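Close look at the chain arrangement
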2 protein chains.
Amino acid sequence: MWTLSTSTGSGYHHGDLRAALLDSALALLNSEGPGELSLRAVARHAGVSPNAPYRHYRDKEALLAALATRGFTELGERLAAVAPGEEPGAEVISMACAAVDYALDHPGVYRLMFGQACSGHPDTIAASDAAIAIVAERIAAVAEPERREPLRVGIWALVHGLSTLLLDERLGTPTRAEADALVETVLRTMLGAGPERPDGGSAAR
Amino acid sequence: MWTLSTSTGSGYHHGDLRAALLDSALALLNSEGPGELSLRAVARHAGVSPNAPYRHYRDKEALLAALATRGFTELGERLAAVAPGEEPGAEVISMACAAVDYALDHPGVYRLMFGQACSGHPDTIAASDAAIAIVAERIAAVAEPERREPLRVGIWALVHGLSTLLLDERLGTPTRAEADALVETVLRTMLGAGPERPDGGSAAR
DNA sequence: CATCGATGTGTACGATGTCCACATTGAAGG
DNA sequence: CCTTCAATGTGGACATCGTACACATCGATG
């Protein structure tokens with residue numbers, strides 16, 4: 001039985017290269033964008049030869065897809081972790097903020113998740129659908145049936161668009177709190193709730 | 001004075017390589033995604049040596065950025081071309097459909113426009129801002145002042161998110177009319193207007 | 001017609017993705 | 001305990017890519 005953690009082994013064999021490669025790729029992704037990431041660099045970072053990854057992933061694309069899949073899973077966990085709020089719409093806003101926060105925390109992986117490199121990979125799509133399903137579930141609880149599907153698509157698209165704009169710094173360079181406030185303001189304004197804000201915090205930037 | 005159109009010249013010199021390279025890149029982009037696009041392939045398609053592009057663009061990235069800039073300009077023209085509708089919100093919906101249609105018409109360029117490769121290029125950003133400004137103008141005409149900024153950001157993000165989801169075929173493979181109808185439904189549902197659909201046929205376009 | 005700046009060509013180098021044959025290992029079976 | 005084997009990692013090789021350098025070729029201008 002191998003060691004169950006990463007980066008242990010007797011020199012030649014690595015222990016759990018499959019997972020270690022994902023971690024190395026993650027580390028390199030957050031320091032430079034995807035597309036710049038080379039499979040050889042991942043292998044170097046993991047301390048193995050350039051061809052070692054091919055024993056665990058068919059392609060460079062397969063490695064990236066696996067990383068994106070893990071990203072969607074983690075995103076889903078964050079979404080599932082938002083406590084059911086007292087106000088009906090508050091949950092949705094909290095989930096939107098959670099998604100945007102995830103994008104800001106892991107810019108590289110987020111871009112990978114929605115890039116065309118791994119879009120089309122069955123595992124990645126499944127993980128993505130699972131994450132959406134969590135949001136859809138909460139939406140279904142507060143919206144009449146014929147509005148559910150458009151709301152699901154619209155909120156998903158809106159949150160993804162906001163994340164992209166924020167990652168590209170097209171909305172300035174807000175702090176985490178400012179970004180969350182912006183997300184809340186945009187969502188409240190778009191959905192009928194109007195600009196009413198119970199607390200007196202900073203609105204949008 | 002050189003010939004003012006593309007692909008004319010006496011063999012050695014090309015005529016207007018700068019524009020011809022953009023056209024070649026566009027042609028190759030629509031047959032394969034960006035990232036697969038190689039500068040050498042663009043040069044080959046234009047019938048010049050691999051180094052010829054460097055006389056007109058500093059980088060591969062510069063070429064891509066120029067293409068993305070042209071994309072934003074064309075998108076802006078489409079947005080500006082939507083006739084002012086009789087109903088206040090109809091313009092915004094038509095512009096959203098126009099943007100999504102542009103994405104569906106030029107998938108490669110659209111992904112380029114919002115990819116991180118050219119994000120950060122001043123010209124591209126300027127063209128992007130110009131396109132947004134057109135939308136913002138129309139929004140300002142129908143929304144009270146404090147709602148304008150969130151609406152501008154939200155609609156831009158929503159439309160971009162919808163385009164991305166459609167391009168990645170995450171919303172099925174609708175026809176153009178179906179996609180437009182979907183955009184209209186999502187927008188009407190998100191914004192307060194509700195699911196009211198005056199006619200019974202396909203809505204938008 | 002000579003010259004010159006603009007434009008395109010050729011060669012070259014390092015890096016990359018991936019294929020192949022080979023080396024090394026831990027573990028199963030005698 | 002030793003052999004054997006499948007899993008795993010290494011090394012070399014090849015085509016391709018982005019790009020730098022030196023050289024060739026052209027149109028316009030004197």
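In this text the structure is predicted, and so the values were computed from the model without any measurement.

A separate point is the overall build of chain A. A tally of regular secondary structure across chain A gives 8 helices and 0 strands. Going from N to C terminus, chain A has its helices and strands arranged as α-α-α-α-α-α-α-α. Per-residue burial over chain A gives 48% buried out of 205 residues. Counting contacts in chain A only where the partners sit at least 6 residues apart, residues at least 24 apart contribute 62% of the total.

Every one of the 26 residues lining DNA strand D counts as a neighbour, but Ser-49, Asn-51 and Arg-55 of chain A together with Arg-40 and Asn-51 of chain B are closest to it. Atoms of DNA strand D within 4 Å of the protein: sugar and phosphate make up 53%, bases the balance. In this structure, a phosphate oxygen belonging to DNA strand D sits 2.7 Å away from a side-chain N or O atom of His-56 of chain A. The contact in question runs from a phosphate oxygen of DNA strand D to an N or O atom on the side chain of Ser-38 of chain B, over 3.2 Å. The greatest single-element share of the surface near DNA strand D, amounting to 3 residues, is contributed by helix α2 (residues 39–46) of chain B. Here the surface near DNA strand D is composed, by residue class, of 10 nonpolar, 9 polar and 7 charged.

Before going further, it helps to spend a moment on the relation of the copies chain B and chain A. Superposing chain B onto chain A requires a rotation of 180° together with a translation of 0.0 Å along the rotation axis, leaving an RMSD of 0.0 Å. One copy is carried onto the other by what is essentially a two-fold rotation axis. Most of the interface of chain B is mirrored in chain A, where 100% of its interface residues are also at the interface.

Within the largest apolar cluster, 131 residues are counted, with the highest numbers of intra-cluster contacts made by Met-113, Leu-158 and Leu-162 of chain A together with Met-113, Leu-158 and Leu-162 of chain B. Other than its neighbours up to four places away in sequence, Leu-158 of chain A contacts Val-186, Leu-187 and Met-190 of chain A together with Gly-154, Ala-157, Leu-158 and Met-190 of chain B.

So, on to the protein's contact with DNA strand C. Of all residues adjacent to DNA strand C, which total 25 residues, the nearest are Arg-40 and Asn-51 of chain A together with Ser-49, Asn-51 and His-56 of chain B. In DNA strand C, the atoms that sit within 4 Å of the protein are 52% sugar and phosphate, with bases accounting for the remainder. Residue Asn-51 of chain A places a side-chain N or O atom 2.6 Å away from a base nitrogen belonging to DNA strand C. Considering each element in turn, the surface near DNA strand C owes the most residues, 3 residues, to helix α2 (residues 39–46) of chain A. In terms of residue class, the surface near DNA strand C is made up of 9 nonpolar, 9 polar and 7 charged.

What follows deals with the interface of chain B and chain A. With 32 residues of chain B at the interface, the matching set in chain A holds 32 residues. Carbon and sulfur atoms make up 69% of the surface buried where chain B meets chain A, a total of about 2800 Å² over both sides. The largest contributions to the chain B side of the interface with chain A come from Gln-116, Arg-170 and Met-190 of chain B, which together make up 22% of the buried area. At the junction of chain B with chain A, the criterion picks out 2 salt bridges. One salt bridge connects Asp-129 of chain A with Arg-170 of chain B, and the closest N-O pair in it is separated by 2.7 Å. If you look at where chain B meets chain A, you find 6 residue pairs in polar contact (both at pLDDT 80 or more). Of all elements in the fold, only α6 (122–142), α7 (145–167) and α8 (176–190) of chain B reach the threshold of two or more residues within the side of chain B that touches chain A. The greatest single-element share of the side of chain B that touches chain A, amounting to 14 residues, is contributed by α7 of chain B. Looking at the side of chain B that touches chain A, its residues break down into 17 nonpolar, 10 polar and 5 charged.

The next point concerns helix α3 (residues 60–80) of chain B. Residues and elements named next belong to chain B. Over its 21 residues, α3 extends 30 Å from the first C-alpha to the last, a length consistent with the 30 Å expected when each residue adds 1.5 Å. Restricting attention to buried positions, one finds in α3 the residues Ala-62, Leu-63, Leu-64, Ala-65, Leu-67, Ala-68, Thr-69, Gly-71, Phe-72, Leu-75, Gly-76 and Leu-79. Those residues of α3 that are buried lie in contact with α1 (17–31), α2, α4 (88–105), α5 (107–113) and α6.

What counts, and where the lines are drawn
- Residues numbered from 1 in each chain as written.
- Chains lettered and ligands numbered in written order.
- Predicted model: local features only at pLDDT ≥ 70, side-chain atom pairs only at ≥ 80, totals over all residues.
- Heavy atoms only, no water.
- Helix = DSSP H or I, 4+ residues; strand = E, 2+ residues; numbered from the N terminus.
- Buried < 20%, exposed > 50% of the residue type's maximum accessible area, 1.4 Å probe, protein only.
- Contact = heavy atoms within 4.5 Å.
- Near = heavy atom within 4 Å.
- Polar contact = N/O pair within 3.5 Å; in protein donor to acceptor, adjacent residues only side chain to side chain.
- Nonpolar A, V, L, I, M, F, W, Y, C, P; charged D, E, K, R; others polar.
- Least-squares fit on C-alpha atoms with pLDDT ≥ 70 in both.
- Core = buried A, V, L, I, M, F, W, Y, C linked by side-chain atoms within 4.5 Å.
- Buried area = accessible area lost by both parts, 1.4 Å probe.
- Salt bridge = Lys/Arg side-chain N within 4 Å of Asp/Glu carboxyl O.
- Expected span 1.5 Å × (residues − 1).

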